[in-house]
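These are the residues of each chain, in order.
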Amino acid sequence: MKNKRWMGLLAAGFLALGLTACQLAEKGAASPQNQKAEDTLIGAIVTVGTEEVPTSNMEGYLTDHPEVILRKKDIDLDDLSDYDNRIYGSKEVKRFFDESEQAYVEREVTAFPQVKGVFFSFETVYQQEDGAEVVSVETAANEGLWNAFTGAGTMHTMDMTEGADTSFTMEGSVYYRHQERVPVFTVNPVYRTPTGEVYTTKGISLTQEFPPKQGTFLSSFYSDTYTIEQNGTTAEEKISLKVNIGMKHPPQKIILVQMNAQDRELSRQEYQPGQLPNTITPHRNAAYLLVESYYLDNQGNQGIDRELVTPSDSKLSTPYLLDNDFLAPQVTKVLWQKGSQ
């Protein structure tokens, strides 16, 4: 049995940009001891405006239910749900920053090339450790996803005991090119079937009348509850998804400034967005870095977003514009030299 719930919410305030780089988790579905006979929520695709996933195959429904056309029976919403149009994903080789390896890698992942938007996914991974089954939630390769994290409460891994209920949380943010008017965003849920196929269907649409200057301002929530058979006993598994949506001005250039402990500039290097190196090694006397993103607002005025990077940070993220007008983070590793303050 599965219960579904959608909620849309206008969220005030600003979420600072900071990428938690994602782990690849194309490891399959549930373990043999925890099989679900239902499709499992694993992510979402955020689309804009007229770029929508079809809602339902009404023609197919009416063909199979001629009594509705003859007005002998009303449309049954439960039956109609079986005719939801699905767009299935395919496998593609993608290049992305792997958090576990702290490097860019190329691997085969699920993609939806026929849908113009930001697709991100999460996987519930079951593994055996010291004779006990451990379950965790990991993120897959997600171009265009910021602030990605997963877990159960504040835990990212937990022991699965027989009969125990589990709850997994998945969250991320997407940013669209800033506009004077807020477009209609649609968050389309993505599911995995028990046989391993991945598909998306039409989801909830969100907008608001006036945009903020920058940052996230819309949030969409979706949750599914499943019943799992565990060695003859049943337990509930709840998967909750939250998507934060915002707008930002795309940068025209990015300047990386190295500063010493006396706040004096050591060096300054200019880059085109998306063209930063995979790794940088700051000067031995560098105490911190300033990452400056220069942009033009909708009136043509120049603005600057600044981010402070210290020796406690092993990487930095800078925005660049995708072909679909969403902004993606480029991850650069920072290799601080011994003696950096």
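See above for the structure.
As a starting point, this report considers the structure included with it. Since the structure is predicted, the reported quantities are computational estimates derived from the model, not experimental observations.

1. Regarding the pairing of strand 2 (residues 40-48)
Next up, step 1: In terms of burial, strand 2 is largely enclosed, as nine of its nine residues are buried.
Next up, step 2: As defined by bridge partners, strand 2 adjoins strand 11 (residues 185-192) across eight bridges and the pair is classed as antiparallel. From the neighbouring strand, G43 faces strand 11, where its bridge partner is V190.

2. Section: the environment of R284
Next up, step 1: Of note, R284 is situated in the loop between strand 18 (279-280) and strand 19 (288-296).
Next up, step 2: In the structure, R284 is positioned 53 residues away from Q337 in sequence and 5.5 Å away in space, judged by C-alpha atoms.

3. Description of the environment of P319
Next up, step 1: Position of P319 relative to the elements: it lies in strand 21 (residues 315-321).
Next up, step 2: Overall, P319 belongs to the buried group, its relative accessible area being 9%.
Next up, step 3: Discounting chain neighbours no more than four positions away, the residues touching P319 are W146, P251, I254, P273, S293, L327 and A328.

4. Quick look at the pattern of salt bridges
Between side chains of opposite charge, a pair can form as their charged atoms come close.
Next up, step 1: Throughout the structure, instances matching the rule amount to eight salt bridges.
Next up, step 2: Between D39 and R86 there is a salt bridge, with the nearest N and O atoms lying 3.5 Å from each other. Highlighted residues: D39 in the loop between strand 1 (2-10) and strand 2 and R86 in the loop between helix 3 (77-81) and strand 3 (87-88), separated in sequence by 47 residues.
Next up, step 3: Overall, D39 belongs to the buried group, its relative accessible area being 14%.
Next up, step 4: We classify R86 as partly exposed; its relative accessible area is 39%.
Next up, step 5: The shortest N-O distance in the salt bridge between E171 and K242 comes to 4.0 Å. Within this pair, whereas E171 is found in strand 10 (residues 166-177), its partner K242 is found in strand 15 (residues 233-248), the two being separated by 71 residues in sequence.
Next up, step 6: For E171, a relative accessible area of 15% gives the class buried.

Parameters at a glance
- Residues numbered from 1 in each chain as written.
- Predicted model: local features only at pLDDT ≥ 70, side-chain atom pairs only at ≥ 80, totals over all residues.
- Heavy atoms only, no water.
- Buried < 20%, exposed > 50% of the residue type's maximum accessible area, 1.4 Å probe, protein only.
- Helix = DSSP H or I, 4+ residues; strand = E, 2+ residues; numbered from the N terminus.
- Pairing = 2+ DSSP bridges.
- Contact = heavy atoms within 4.5 Å.
- Salt bridge = Lys/Arg side-chain N within 4 Å of Asp/Glu carboxyl O.

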